[in-house]
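So the chains spell out like this:
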Amino acid sequence: MADQFNNILVYNSITNTLDDEKRDLNSPFSFLEFLNFGDILTKEINELGLYQQYLKNWENVTNISLTSINSDIREQFITFLSEVKLKFSTKEERRYFDNIDLNNNEQLTIAVPFFTSKIKEISLYFARKRDEVTKNLGYIKRKGSTRGVGTFIKDQLTDLYSGDDIPPELTIPENLGEFLKNIEIETEREYDTFNDYYDLDPGKSPTFYDTISGNRFDYFTSNTNVISADYFIDTEKTINNIINEQGITLSEIPGLLVTYDTTDISTLDRTSFTEYVNTNDRQDLKYLLDAELIENFMGVDMYYLSSNNTGDYTYDKLFDAKSPYRNLLNVNNPATLSIPGNSFESERSIGLFFTPSKRGILRMEADFTATLLPDEVEPDTTYIFPDPDRYGKISGVGASARVNPFLFSLMNTEFKNHSSSFGKSSVESSSVNQNFYAYSSLEQQNFNYNNTEPLRGLESVNLSGSLVKETGDIFGNQYLTFNKTDFPNKQLNNFSVSESPLGLNNTQIEDLPIDPEKETISGIKDKLKPIYISNILKNTIEPISVEFDTIFSRYKYNQTLYAELSSNIFVDLNVFKSTLFIKTQNNLIIDNIEYTSSGEFKPAGFVSRVKEYNGGINTNQNQVQISNFSNPTRIGNDVLYIKVASDPSVTSPINLRFFDFSIFKYDIDKKREVNLVTAQTQNESFFNDNFTFEVGSNIVQVKDVKLNYNSKQNLLFSLTDFVDLNNVNFFHVLVFKIVGNELNIIQNFVINPSNFTVTQNFYNSGILANNFLTQSLSSTPTQNNNYGTLTF
């Protein structure tokens, strides 16, 4: 320690032998100055002892006797406290301490607690700064993280309960150590939900980028850069454009802008130059920095194609991107990202369900060809676009694709890897690409397969048949439509059994009947099917007739309908929130349900709707109509469906008749139905003019009606399957839209089957006599034109 005291190096002091400026010629450094100029800032050395040694060295060099080193140290400390008061106190604190004499021991005693807290605060500040510059890996990892924020807050709270400057109003716990140990800091992250940080289109207004107010609105242009081809290929034109962009007007005609064909930069405003001084030097023009900025923030090399008024064009590279990998998302526009967004969401506000842990960039790559289309090149036009060998007409994250006269064709030479399962041919993904995998739920992750109970949930229920449809309600329950079949498996022929060596667990063969044939697809489609409900609260799977016992009991007034519901076999079921469209063999039911906290289904408090139809075969339609309902189709909060029914006004069924196409709209929120097109809203002539079908046969059944909606074209598509007695299908196609509550027909036609053999239409008179040779039997054949039949 003695050696350390004797070899004190104090810079800018007469005690050293260095050739530097001496600042303590007349008086020694104060203690604070000594700490600043002395090379002794280590934790192991006694700074006060070093300062005493410095005073002795100064006394020996200057031959100026300090009457008392200890007295001088006292004076130095008083000076030090004065400097603390001057440099580190507030105005109010300085106003108070200006009235205190630090040379007075009594007044100094009163002021000591203040200086103690200030010195501690200064010490903690330098300690934190020392930690920041120290290469502490653990501290660096925590900095800026939620853990680091929690640690900082906890340290601040801990400092309140330690030292001599504890606030007097603060209550100290009895077991301070246990109290500090149990302090937990909980932080909640906020996420920037603004997505348009890259590839910003300068042509759009600031409001497009969520900049209604704030700095992002005021300084929006600093986030965007306009790519001008003239910056790189035509200096003269660029200067001329800058001159005319100043808005030159005639003094004789105020407000009238004029255009000058000049490149004299002496007339330019000083803001057009880099140093805001018109130096009349083209090298000082600010647009050169703008061009450099574009190159620095572009993520791909840019090309241009420029044409003249005769159709001739030039195609070449515009500039090279200097940092393409740093600006990968800037495909169409360079963005500088100088002003952040204003939209933030906390974890609590988004439900704490999903929080992104890592963010990445997704790119799908595929081989394609780029073909220039000369006919698409407009005269006197300059196209700017990303490298056509790397990018097609891509919109990027800025959602603004650049127009170019190229045709891009995808090459079907590469395919997906195993991550796409049974996906069709598409682009190949390798180890450097982002792959898509099926979503794995928490239930799937927690499920452990075993050999005794390999099935779980629906698969574990012993249900005969196959699942053909699955839908769900707003409460989370699943409605499962099955195809129940009794057809056994086919017998295995020419199957030899191998006996096990020990005679254990030998294979046994049982004879199965093989007479029944397999069900056809149309047979499965047209047959009645049972419906089961997977109850989410009860965790059970029961027939809908059991779960809906309370709901179905309201239909006991109609014994036929109630019997259909109780039998648990249906034509179809569709669910929209809590509204059900149940189709039985003879009725369509629109009902609404409630679901209790105990897992019970209850009827809603309003009247349901029951609509009858006759989907079977009927040749006597003057008494009973043939009819059918389409499937319901949802458009927003409205559900549309169609009823197709034959005209009952004719005296007997003939091959020339019209059909009623009734269109209904049901509001699933208001639980209200509107008759859009029915016999009550339209005259009979409307159906007669639009839906009279001459198919050359007697339609005896409306077998099926399918309704679909095309959201892109805002059109409805209806396909009706009519059947005659020979089970021949005639398809009616109706494309329409609903404007207001009126039907607007786009297409309306019937598809008749074409046969390779000659058939005769006995609805027309003279067919029998003109085309057939008849002989007398027990009776003479008579043709009935109404029914299209022959009678003997």
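Counting restarts for each chain, with residues numbered from 1 along the sequence as it is written. Only residues with pLDDT of 70 or above have their local features reported here, since the model is predicted, and side-chain atom pairs are shown and tallied only from 80 upward, although totals for entire chains, interfaces and linings are computed over all residues. Side-chain measures here rest on the full set of heavy atoms in the structure, leaving out hydrogens and waters.

1. Examining the overall build of the chain
Logical step 1: Here a strand is any run of E in DSSP of at least two residues, a helix any run of H or I of at least four, and the numbering for each starts at the N terminus. The number of helices and strands found in the chain is 20 helices and 28 strands.
Logical step 2: Two residues qualify as a contact provided that any one of their heavy atoms is within 4.5 Å of a heavy atom in the partner residue. Within the chain, contacts between residues separated by at least 24 positions form 54% of all contacts whose residues are at least 6 apart in sequence.
Logical step 3: Total accessible area on the chain is roughly 49,900 Å²; 50% of this is exposed by carbon and sulfur atoms. Per-residue and other accessible areas were derived by the Shrake-Rupley procedure at a 1.4 Å probe size, with only the shown protein chains allowed to occlude residues.

2. Let's talk about the environment of E236
Logical step 1: Within the secondary structure, E236 is located in helix α12 (residues 235-244).
Logical step 2: In the structure, E236 is positioned 27 residues away from T263 in sequence and 6.4 Å away in space, judged by C-alpha atoms.
Logical step 3: The contact partners of E236, leaving out residues within four places of it in the chain, are T263 and R282.

3. Observations regarding the nonpolar core
Logical step 1: Formed by 25 residues in total, the largest nonpolar core has its most connected members in V644, F659, F661, F722 and F736.
Logical step 2: Within the residue set of this core, elements represented by two or more residues are β19 (638-646), β20 (656-667), β21 (672-677), α19 (684-690), β23 (699-710), β24 (715-724) and β25 (729-739).
Logical step 3: Not counting the four nearest positions on each side in its chain, F659 is found in contact with I626, V644, A645, S646, F687, F691, F693, I699, V702 and F722.
Logical step 4: Here the nonpolar core consists of buried residues drawn from Ala, Val, Leu, Ile, Met, Phe, Trp, Tyr and Cys, with membership extended through side-chain atoms lying within 4.5 Å. Using a 1.4 Å probe on the protein chains alone, a residue whose accessible area is under 20% of its type maximum counts as buried, one over 50% counts as exposed, and one in between counts as partly exposed. Ranked by size, the runner-up nonpolar core spans 20 residues in total, among them I531, F552, L565 and L573.

4. Here we look at the pattern of salt bridges
Logical step 1: One speaks of a salt bridge when a side-chain nitrogen belonging to Lys or Arg is within 4 Å of a carboxyl oxygen belonging to Asp or Glu. Going through the model one piece at a time under the given rule, you end up with twelve salt bridges.
Logical step 2: In this structure, the salt-bridge partner of E236 is R282, at a minimum N-O distance of 2.7 Å. A residue pair is termed long-range when its members are at least 10 positions apart, and E236 in helix α12 and R282 in the loop between α12 and α13 (287-297) qualify at 46 residues.
Logical step 3: Residue class for R282 comes out partly exposed when judged on its relative accessible area of 30%.
Logical step 4: Residue K611 is joined to E673 by a salt bridge in which the shortest nitrogen-to-oxygen separation is 3.2 Å. Taken together, the positions of K611 in strand β16 (residues 609-612) and E673 in strand β21 put the pair 62 residues apart, joining distant regions of the chain.

5. Quick word on the pairing of β25
Logical step 1: Two strands are counted as paired when DSSP detects at least two bridges linking them. Summarising the sheet, β24 and β25 pair through eight bridges and their orientation is antiparallel. By the bridge assignment, F722 is partnered in β25 with F730.
Logical step 2: Here β24 hands over to β25 after four residues, with N727 in that stretch at a positive phi of 60°.
Logical step 3: Alignment of β25 against strand β26 (residues 742-751), held across nine bridges, turns out to be antiparallel. Across the sheet, V735 pairs through a bridge with Q747, a residue of β26.

6. Digging into the sheet that holds strand β6 (residues 382-386)
Logical step 1: Ordered by their spatial adjacency, three strands build an open sheet running β3-β2-β6, and the pairing between neighbours is antiparallel. Sheet topology places β3 (313-319) and β6 at the edges, where each strand pairs with a single neighbour. Direction aside, neighbouring strands of the sheet carry axes that sit 20° apart on average.
Logical step 2: Across six bridges, strand β2 (residues 302-307) lies against β3 in antiparallel orientation. Residue pairing for β3: M302 is matched across the bridge by F319. To obtain each axis, a line is fitted to C-alpha atoms, and for helices this fit is confined to the stretch in contact; angles are then taken between N-to-C directions over 0 to 180 degrees.

7. Section: the environment of I746
Logical step 1: Within the element layout of this structure, I746 appears in strand β26.
Logical step 2: Taking C-alpha positions, I746 is 7.7 Å from L734, a pair spaced twelve residues apart along the chain.

8. With respect to the confidence of the model for the chain
Logical step 1: Per residue, pLDDT measures the predictor's confidence, with a range of 0 to 100. Taken residue by residue, the chain gives an average pLDDT of 76. The fraction at 70 or more is 73%.
Logical step 2: Counted against residues more than four places away or in other chains, residues 1-5, with its pLDDT under 50, gives seven contacts.

9. Describing helix α18 (residues 559-566)
Logical step 1: Taken as a whole, α18 has its buried residues at L561, Y562, E564 and L565. Down the axis of α18, the buried side of the element spans an arc of 160°, and every buried residue falls inside it. Opposite the packed face of α18, turned more than 90 degrees from it, sit the exposed residues Q559 and T560.
Logical step 2: Summarising the contacts, the buried residues of α18 are in contact with α16 (544-547), α17 (549-552), β13 (579-583), β14 (587-595) and β16. To be clear, the arc concerns the directions from the helix axis to the C-beta atoms.

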